[in-house]
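Residues per chain, in single letters:
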Amino acid sequence: MKIRADVAEMLRDGLTNQQVARRAHISQQTAAIARAALGLPKSKPGQKRQASLEQALRDRSRVVDAGHWEWAGPRSNGLAVVHFDGRRYTACRAAFVIHHQRAPIGEVRPGCGRAGCMAPAHMDDRPARERNNATFVALFGGAA
């Protein structure tokens, strides 16, 4: 069986079949077959404890074009959510905290303009949006 290098690396790194399937866009059965072919132990069911909030976010996202992240994890009432250390975060808030190392003020949205982007470096809170709008007005005049 020919096994993709990225799939083999993820399996060797200890990701579950479900995590590999989600990230590599393959079925869980294909991940299990690759795991067996590599001689790795079976994936244990259940969610593994994440080492960090960033890892919890990465495990439920996938990188798409130009450094944007797309959500591939669970949703609650339409919102992308991530659980870490007994707390529930929206994915946008988690991404903001990861990148800025502080709690956001107001609503968090991607500042890159791509709807649904979850990349930590792309997240803006209210003060960042106000600052960006003021800069735009100062540079180009008129309304932002």
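Above this text you will find the structure in question.
Model, not experiment: these values are computed from the prediction.

Engineer: So what exactly am I meant to see when it comes to the packing of aromatic side chains here?
Structural biologist: The relative placement of two aromatic rings is captured by the distance of their centres and the angle of their planes. The full count for this structure, using the stated rule, is 1 aromatic pair. With a centroid separation of 5.0 Å and 50° between ring planes, the pair formed by phenylalanine 136 and phenylalanine 140 is classed as tilted. Within this pair, phenylalanine 136 and its partner phenylalanine 140 are both found in helix α6 (residues 126–140), separated by 4 residues, close to a single helical turn. Owing to a relative accessible area of 37%, phenylalanine 136 belongs among the partly exposed residues under this scheme. In this structure phenylalanine 140 comes out as exposed when scored by relative accessible area, which is 60%.

Engineer: Help me understand the sheet that holds strand β5 (residues 87–90), please; the structure alone is not making it clear to me.
Structural biologist: As a general point, the strands of a sheet are linked pairwise by backbone hydrogen bonds and lie either parallel or antiparallel. If you walk across this open sheet you meet the 3 strands as β3-β4-β5, and the pairing is antiparallel. On the outer flanks of this sheet lie β3 (75–76) and β5, each paired with one strand and no other. Across 2 bridges, the pairing between β3 and strand β4 (residues 79–84) is antiparallel. Its bridge partner lying in β4, arginine 75 is registered against alanine 80. Packed onto the sheet, helix α5 (residues 91–100) meets β4 and β5 and runs at close to 95° relative to β5.

Engineer: In this structure, what is going on with the environment of alanine 21? I would like to understand it.
Structural biologist: Along the chain, the position of alanine 21 falls in helix α2 (residues 17–24). Since its relative accessible area comes to 9%, alanine 21 is described here as buried. A C-alpha to C-alpha distance of 16 Å links alanine 21 and leucine 57, two positions 36 residues apart in sequence. If near-sequence neighbours (up to four positions away) are discounted, alanine 21 is found in contact with Ile26, Ser27 and Gln28.

Engineer: Help me out: how do you make sense of the packing of helix α1 (residues 5–12) against α2 in this one?
Structural biologist: Each pair of packed helices can be summarised by the angle the axes make with each other and by the distance between the axes. Where α1 contacts α2, the two axes come as close as 10 Å, and the packing angle between them is 150°. The angle between α1 and α2 places the two elements in the roughly antiparallel class. Viewed along their axes, α1 and α2 form a crossing whose handedness is right-handed. On α2, the residues that touch Asp6, Val7, Met10 and Leu11 of α1 are Asn17, Val20, Arg23 and Ala24. Broken down by class, the residue content of the contact of α1 with α2 amounts to 5 nonpolar, 1 polar and 2 charged.

Engineer: How should a nonpolar patch on the surface be read in this particular structure?
Structural biologist: A contiguous nonpolar surface patch, about 420 Å² in accessible area, is contributed by Phe136, Val137, Leu139 and Phe140. By secondary structure assignment, the location of valine 137 is in helix α6.

What counts, and at which threshold
- Residues numbered from 1 in each chain as written.
- Predicted model: local features only at pLDDT ≥ 70, side-chain atom pairs only at ≥ 80, totals over all residues.
- Heavy atoms only, no water.
- Phe/Tyr/Trp six-rings, centres within 6.5 Å; stacked < 30°, edge-to-face > 60°.
- Helix = DSSP H or I, 4+ residues; strand = E, 2+ residues; numbered from the N terminus.
- Buried < 20%, exposed > 50% of the residue type's maximum accessible area, 1.4 Å probe, protein only.
- Pairing = 2+ DSSP bridges.
- Contact = heavy atoms within 4.5 Å.
- Axes fitted to C-alpha atoms, helices over the stretch in contact; angles between N-to-C directions.
- Parallel < 35°, antiparallel > 145°, perpendicular 65-115°, else oblique.
- Left-handed = near helix turned anticlockwise from the far one by under 90°.
- Nonpolar A, V, L, I, M, F, W, Y, C, P; charged D, E, K, R; others polar.
- Patch = residues over 30% accessible without salt bridge, like charges linked within 9 Å, V, L, I, M, F, W, Y side chains within 5 Å.
- Areas by Shrake-Rupley, 256 points an atom, 1.4 Å probe, with all protein chains shown as cover.
- Salt bridge = Lys/Arg side-chain N within 4 Å of Asp/Glu carboxyl O.

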